[in-house]
Amino acid sequence: MKKVISVVGARPNFIKIAPIHKAFQKYSDDIQHLICHTGQHFDNKMSKVFFDELQMPKPDYYLGIGGGSHAQQTARIMVEFEKILLDEKPDLIIVPGDVNSTIAASLVAAKLHIPIAHVESGLRSFDRKMPEEINRVLTDHISDYLFVTEKSGLDNLQIEGIDSSKVYFTGNVMIDSLVNFLPHINKSEILKELGLTKGTYVLATFHRPSNVDEQVSLSKLIDAVNRISTSRKVVFPIHPRTMNNLKKYRLSDKLNDNIIVLEPIGYIDFLSLTKNAELVVTDSGGIQEETTFLGVQCITVRDNTERPSTSEIGTNHMIGTDFDKVVEASKEILSGKIKKGKVPELWDGKASDRITEIIYKSL
Ligand code: UDP
């Protein structure tokens, strides 16, 4: 029996590992798949709801790392995860995405000579001020299996000199979750509960430090959301990081009445809100992909994206962080100037099958 440990820490990780766990069930006579949750995101709304809704088992290990600076978080994960690796001696670890858990677990495994599979490899924003970019680049360079979601990832890894024999174009596991749970998403009652009609509202989410950590940019962002809400109802589920800063800078009562302010919401309801929105305005990575798959217009409030296929092929509009331009672009899209997108290659709901088959055959 071979042993594989997947390491998850934050909201998008849970969504990426759920379909991989499911796909491993086919090989359960030969591969034991364990899940280690580092506890980067730990509360019900950012963590437990995803395990429940995505039908994942309780993690085999929970490290309870919590918040702290990047160094504190990374170091604590390394110390705790090393004990697990020494004890379990897995044949492979899987790390999805680009959070601190991704690089921390990879560094520990690399030094213990345990092979690493990076899911969502090769993405690059080329912005080293983003902590995620550092995590992505370093993880890729110490990984043994690099599972790539879109063509740009193949180019990036080649340019960085990574041996192509380690690189596999397998598609997008985030879309696997979406495809797997579409029947549930279609049954969600969230629109009814919020009194919304399909195709008549805007969904907004923000959590990137560059948008929400400083008072000046956060207040401009809130002003932009207010301006968009003069023409459409805006649904705004607020990420804990953003909420903390809204409170810190006393901006929480500045949001006007046409905005439905919510705490972070569960996966099924959030995807229902995404699928039925007229427009999504976000700085999230995963949401750029989900809107592209669903053919929903998306404005990305960032100066770059590590997921260029979403704007080159999909329905993503890269507008930048000039908030006047964001409001202007929203007006244009809401008045009908929309992009007709296509779904990128291999975003077909089968990426996890490809990934687990490759792992099964090579372990
Ligand atoms: N998401 C969710 N509830 C929310 C906001 C987002 O379920 O209130 C989901 C979203 O559909 C996507 C994932 O969380 O699947 C994206 O996570 P996030 O934006 O936190 O991270 P990023 O993708 O930017 O790393």
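This text goes with the structure placed above it.
Computed from a prediction, not measured in an experiment: that's the story for all the values here. Here the residue numbering is sequential within each chain, running from 1 through the sequence in written order. Local features in a predicted model are, by the rule used here, given only for residues with pLDDT of at least 70; side-chain atom pairs are given and counted only at 80 or more, and totals for whole chains, interfaces and linings are based on all residues. Excluded from the side-chain calculation are hydrogens and water; included are all heavy atoms of the structure.

(A) Layout of the overall build of the chain. Think of it this way: any DSSP run of H or I at least four residues long counts as a helix, any run of E at least two long counts as a strand, and we number them from the N terminus. Counting its regular elements, the chain contains 16 helices and 13 strands. Within these notes, the globule rule equals 2.2 Å times the number of residues to the 0.38 power, and the radius of gyration is based on C-alpha atoms. Against the 2.2 N^0.38 benchmark of 21 Å for 363 residues, the chain shows a C-alpha radius of gyration of 20 Å, consistent with a compact globule. The C-alpha extent of the chain, read off along each of the three principal axes, is 60 × 40 × 40 Å. Relative accessibility under 20% of the residue-type maximum defines a buried residue, over 50% an exposed one, and the middle range a partly exposed one, all with a 1.4 Å probe and only protein chains included. Counting across all 363 residues of the chain, residues that qualify as buried make up 58%. Summarising the internal contacts of the chain: among those between residues at least 6 apart in sequence, 70% fall at separations of at least 24. Taken as a whole, the chain presents about 15,400 Å² of accessible surface, with 51% of it coming from carbon and sulfur. When charges are counted, neither His nor the chain ends are considered; positive counts come from Lys and Arg and negative counts from Asp and Glu. Every charge is mapped to an atom, namely NZ of Lys, CZ of Arg, CG of Asp or CD of Glu. The centroid of the 44 positive side-chain charges in the chain is displaced by 3 Å from the centroid of its 47 negative side-chain charges. In what follows, residue pairs with any heavy atoms lying within 4.5 Å of each other are defined as contacts. Methods summary: accessible areas were calculated by the Shrake-Rupley approach with a probe of 1.4 Å, and residue burial reflects only the protein chains presented.

(B) Expanded view of helix α16 (residues 351–362). To estimate how far a helix should extend, the number of its residues minus one is multiplied by 1.5 Å. Spanning 12 residues, α16 covers 17 Å between terminal C-alpha atoms, matching the ideal 16 Å at 1.5 Å per step. Buried within α16 we find A351, S352, I355, T356, I358 and I359. Each buried residue of α16 sits inside an arc of 155° when the element is viewed along its axis, so together they form one side. The directions from the helix axis to the C-beta atoms form the arc being described.

(C) Representation of the site of the ligand in the model. A cutoff of 4 Å decides nearness: a residue is near a molecule or strand if any of its heavy atoms lies inside that distance of it. In the vicinity of the ligand lie 19 residues, with I265, S284, G285, G286 and E290 positioned nearest. N or O atoms within 3.5 Å of each other form a polar contact, as long as, within protein, one can give a hydrogen and the other can take it, and as long as residues adjacent in sequence are counted only when both atoms are side-chain atoms. G285 is positioned with one of its backbone polar atoms (N or O) 2.8 Å from an oxygen atom of the ligand. Between the ligand and E290, the relevant distance is 2.5 Å, taken from an oxygen atom to a side-chain nitrogen or oxygen of the residue. Going through the elements one at a time, α1 (11–24), α12 (267–275) and α13 (286–294) are the ones with two or more residues in the shell around the ligand. Any residue outside Ala, Val, Leu, Ile, Met, Phe, Trp, Tyr, Cys, Pro, Asp, Glu, Lys and Arg is labelled polar, Gly included; the first ten of those are nonpolar and the last four are charged. Across the shell around the ligand, the residue classes break down as 11 nonpolar, 5 polar and 3 charged.

(D) Geometry of the sheet that holds strand β12 (residues 298–300). Only when DSSP finds a minimum of two bridges between them are two strands counted as paired. Judged by pairing direction, the sheet is parallel, and its 6 strands sit side by side in the order β10-β9-β8-β11-β12-β13 without closing on themselves. Each edge of the sheet is formed by a strand with only one pairing partner; in this case those strands are β10 (259–262) and β13 (316–318). For this sheet, the mean inter-axis angle between neighbouring strands, taken without regard to orientation, is 20°. Relative to β10, strand β9 (residues 233–237) runs parallel, the two being bridged by 4 bridges. Fitted lines through C-alpha atoms serve as axes, helices being fitted only where they are in contact, and the angles separating the N-to-C directions of these axes extend from 0 to 180 degrees.

(E) A look at the pairing of strand β5 (residues 116–121). Taken across its 6 residues, β5 has 6 buried, putting it largely inside the fold. The pairing of strand β4 (residues 92–96) with β5 spans 4 bridges and is parallel. Looking at the pairing, I94 lines up with A117 of β5. When the strands point away from the viewer and the connection leading from the first strand across the helix to the second strand turns clockwise, the crossover is called right-handed. In this view, the connection linking β4 to its parallel neighbour β5 by way of helix α4 (residues 100–111) has right-handed handedness. With 4 bridges joining them, β5 and strand β6 (residues 145–148) adopt parallel strand pairing. Following the sheet pairing, H118 is matched in β6 by L146.

(F) Molecular detail of the pattern of salt bridges. By convention in these notes, a salt bridge is any Lys or Arg side-chain nitrogen within 4 Å of a carboxyl oxygen on Asp or Glu. Tallying each qualifying case throughout the model produces 25 salt bridges. Between K45 and E263 there is a salt bridge, with the nearest N and O atoms lying 3.8 Å from each other. Taken together, the positions of K45 in helix α2 (residues 44–53) and E263 in the loop between β10 and α12 put the pair 218 residues apart, joining distant regions of the chain. The class of K45 is partly exposed, set by a relative accessible area of 36%.

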